[in-house]
Each structure stands twice: as structure tokens, then as C-alpha cells.
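A look at the structure
If you want the building blocks of each chain, they are given just below.
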Amino acid sequence: MANQHKPKINVPRPLRLYLIEKSKSYLVSDTILSLISGTTHFSWNWKSPPSSPSVLQSLSQLSSILQPFRFSPGFDRWVWLRCNSRQFSTGSIRRSLEQSWADFSFKHQWSGWVPRKVDIFVWKAALNDIPVKTELLKCGISLPFSSCSWCSATNETTNHTLFVCTIAHKTWDLVALWTRHHISSPASIDQAYSQASILGPANNRSKMLMAIVAATVWELWKSRNMKEFEGRNTHPERIMEDIKSETFLWLTARAKVLDLEWNDWKRDPLYWL
Ligand SMILES: [Zn+2]
């Protein structure tokens, strides 16, 4: 009979203590032996005393994790640490979120003149929350390359794809020409919306320019995906044509106050003002 070797299983470190624990259903409170002057003493219940270096190291790590905690007699309970009363409420989580967002200056202007899916995409892009390669890598998703789908010269980031890469930069130059420089080479979505909404978000010209900003971001992203997933190239002039036709369709369908003509629109979006 051939010599059969037991397969060697590499047990993850956190599990090594669990394997020698006698009772797998123990709670933390079951292991507390005594609370003396704020110091907690634990009573471990091992099947056999920890002896191997790896198990002793795990035990040392566990002790250092538990050391700063102060236990008190009584039942376990949930505590909401984000307000003084320690009671959870929806108001407290709203205040907590507002506080954590206080430093973020960008306030997205939601527009009824832009399809909701596009508006949401632009909002997420402003939050740096679209699936560019650098962000996917941060999430632990493995990719063969992290470089820009268009130029391959640098890592693909949100800002590079939508503003810095040559194809994006040239597209924004064309947008500047078309809008008579009311939108002029922005470096970010925040800056593009600031230029567009200079007359206030309720003003029709601002709403129209904001729709053009949203369409530009949207069409650049679609073009990036076309290159990334289908290997198809495009150029700024073609993207610009798509921005013009897309915004014309959006505004004729959604901005009832406007009476747009396609030939006038593609020549000058401000002609009706
Ligand atoms: Zn690039």
C-alpha cells in the first residue's frame, strides 16, 4: 500500500486559537475571570495549553487587542457612539453624515433637463466613485493593466479620463468653442458646474449649460468604455457631435419652455437666449 500523506492545511492565524478552544460557543463574558480595579483577567479554556510559536503569537495578539477594552458586569448591549445620549436615532446618523461631508465642497445640482441615470453618473464621478481602474484596484479587483484606456501613458483615474487625457481635453476645448467659452476648459466636474451655473441653478441658460456639462462627462465615459471593452477608437469631433445630438434630444423632450431647432442648436446652443 502506498504511503498516504495527510494533506497539510495551512490554518489561518485567527483560527489557530479557535481550534484549541474547548467550547466553541463561549462568549467573551464567559472567559472573564474577574474585574479588579478596571483590569480584566481572562480565564481561557484550552483543550491543550498553547505551546507552538504561532499559537502563542496569536494569543499575544489577542491579548493586545483586548487590553484597551474596559469590561463591566452586566448584559451585553448595543451602544450608538455618535451621539451623547448613546441612543440610535435617524436624526443622529443624518447629523453624523452631514458632519463627515462638511469638508466636501461639491454640491451636485440635480437637473430635470438631464436623464436621471446620467445625473447619477455625473454625481458619482464628482465623488470619484466610478469604476476607473485605479479605483477598482483599491477594491482588490485584479486587472491586467491599470493604464488609461486611451493613451496608456498613466494610471487611469477619474480626473485623467474625464479632463486630463488628450481626447478629453480636446473635447472640452470643442465644448468651449460651442458654448462661446461659457464653459471653458474645466479641470473638474465641480469647476464645470460652477462655470455653467453662474446665473443660478434655476436660470434656463444655466440649466442648459449644466446639461451640456453632464452630456460631455457622459459621452466621454461612453467613449472610454467603447475603447476599453470593444477596442473601438473615437475622436473629439465625433464625441462633440454626440454631445450636441444628445443634449438636443434631452432638452426638446424635457425643457418644455425651449423651442429648439436642430440646425440652430448644433451651430450655437445659446441662439435662443
Ligand atoms: Zn489617457
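Residues numbered from 1 in each chain as written. Predicted model: local features only at pLDDT ≥ 70, side-chain atom pairs only at ≥ 80, totals over all residues. Heavy atoms only, no water.

As recorded in an unreviewed UniProt entry, the protein chain goes by Reverse transcriptase zinc-binding domain-containing protein and comes from Deinandra increscens subsp. villosa.

**Notes on a nonpolar patch on the surface**
Inclusion rule: Like-charged residues are merged into a patch within 9 Å and nonpolar side chains (Val, Leu, Ile, Met, Phe, Trp, Tyr) within 5 Å, provided each residue has over 30% relative accessible area and no salt bridge. Only the protein chains shown count as covering a residue, and every accessible area follows the Shrake-Rupley method with a 1.4 Å probe. Definition used for salt bridges: Asp or Glu carboxyl oxygen within 4 Å of a side-chain nitrogen of Lys or Arg. Classification of residues uses two cut-offs on accessible area relative to the type maximum, computed with a 1.4 Å probe and protein chains only: under 20% is buried, over 50% is exposed, and between them is partly exposed.
There is a patch of nonpolar side chains on the surface, built from Trp110, Ile120 and Trp123 and spanning about 290 Å² of accessible area. Relative accessible area serves as the criterion here: at 45%, Trp110 is assigned to the partly exposed category.

**Observations regarding the coordination of the zinc ion**
Cut-off, in case you're wondering: Distances up to 2.8 Å from the metal define which N, O and S atoms are donors, and 3.2 Å serves for Na, K and Ca; water is absent from the atom set, so sites may look incomplete.
At the metal site, the zinc ion is ligated by Cys148 (SG), Cys151 (SG), His160 (NE2) and Cys165 (SG), and these contacts range over 2.1 to 2.3 Å. Taken in sequence order, the residues that donate to the zinc ion follow the motif C-x2-C-x8-H-x4-C. According to the relative accessible area criterion, Cys151 is partly exposed, its value standing at 33%.

**Overview of helix 5 (residues 116-126)**
This is how the line gets drawn: The numbering of helices and of strands both runs from the N terminus, where a helix is a DSSP run of H or I of at least 4 residues and a strand a run of E of at least 2. Throughout, the arc means the angular range of directions from the helix axis out to the C-beta atoms. Here, two residues are considered to be in contact whenever any of their heavy atoms come within 4.5 Å of each other.
For helix 5, the full list of buried residues reads Val118, Asp119, Phe121, Val122, Ala125 and Ala126. An end-on view of helix 5 places all buried positions within 160 degrees of arc, on one side of the element. The exposed set on the far side of helix 5, more than 90 degrees from its buried face, consists of Arg116 and Lys117. The secondary structure elements touched by the buried residues of helix 5 are helix 7 (158-164), helix 9 (189-196), helix 10 (204-230) and helix 11 (236-254).

**Let's talk about unusual backbone geometry**
Glycine aside, the phi torsion of most residues is negative, and most peptide linkages are trans. Located in the positive-phi region is Asn128, a residue other than glycine, with phi close to 60 degrees. Looking at the secondary structure, you find Asn128 in the loop between helix 5 and helix 6 (133-138).

**Quick look at the confidence of the model for the protein chain**
Cut-off, in case you're wondering: In predicted models, pLDDT denotes the confidence assigned by the predictor to each residue on a 0 to 100 scale.
Averaged over every residue, the pLDDT of the protein chain is 83; the share at 70 or more is 86%. Note that residues 1-11 has pLDDT below 50 and, in this model, three contacts with residues that lie over four places away or in other chains.

**Overview of the pattern of salt bridges**
As enumerated under the stated definition, the model contains ten salt bridges in all. The salt bridge involving Glu228 is made with Lys133; its shortest N-O contact spans 3.0 Å. Within this pair, whereas Glu228 is found in helix 10, its partner Lys133 is found in helix 6, the two being separated by 95 residues in sequence. The class for Glu228 is partly exposed, based on a relative accessible area of 31%. Note that Arg238 and Asp242 form a salt bridge whose closest N and O atoms lie 3.6 Å from each other. Taken as a pair, Arg238 and Asp242 lie in helix 11 at a separation of four residues, close to a single helical turn. Via salt bridges that share partners, Glu219, Lys222 and Glu246 belong to a single interconnected network.

**Things to note about the nonpolar core**
Heads up, the condition is: What is meant by a nonpolar core is a set of buried Ala, Val, Leu, Ile, Met, Phe, Trp, Tyr and Cys residues, joined one to another through side-chain atoms within 4.5 Å.
Ranked by size, the top nonpolar core spans 47 residues in total, and within it Trp172, Ile189, Trp250 and Leu251 carry the most contacts. Contributing elements (two or more residues each) for this core: helix 5, helix 7, helix 8 (166-178), helix 9, helix 10 and helix 11. If you tally residues by element for this core, the top one is helix 10, at twelve residues. Apart from residues lying up to four places away in sequence, Trp172 is in contact with Leu162, Phe163, Ile183, Pro186, Ala192, Val213, Thr216, Val217 and Leu220. Residues Leu17, Ile20, Val55 and Leu59 belong to the second largest nonpolar core, which totals five residues.

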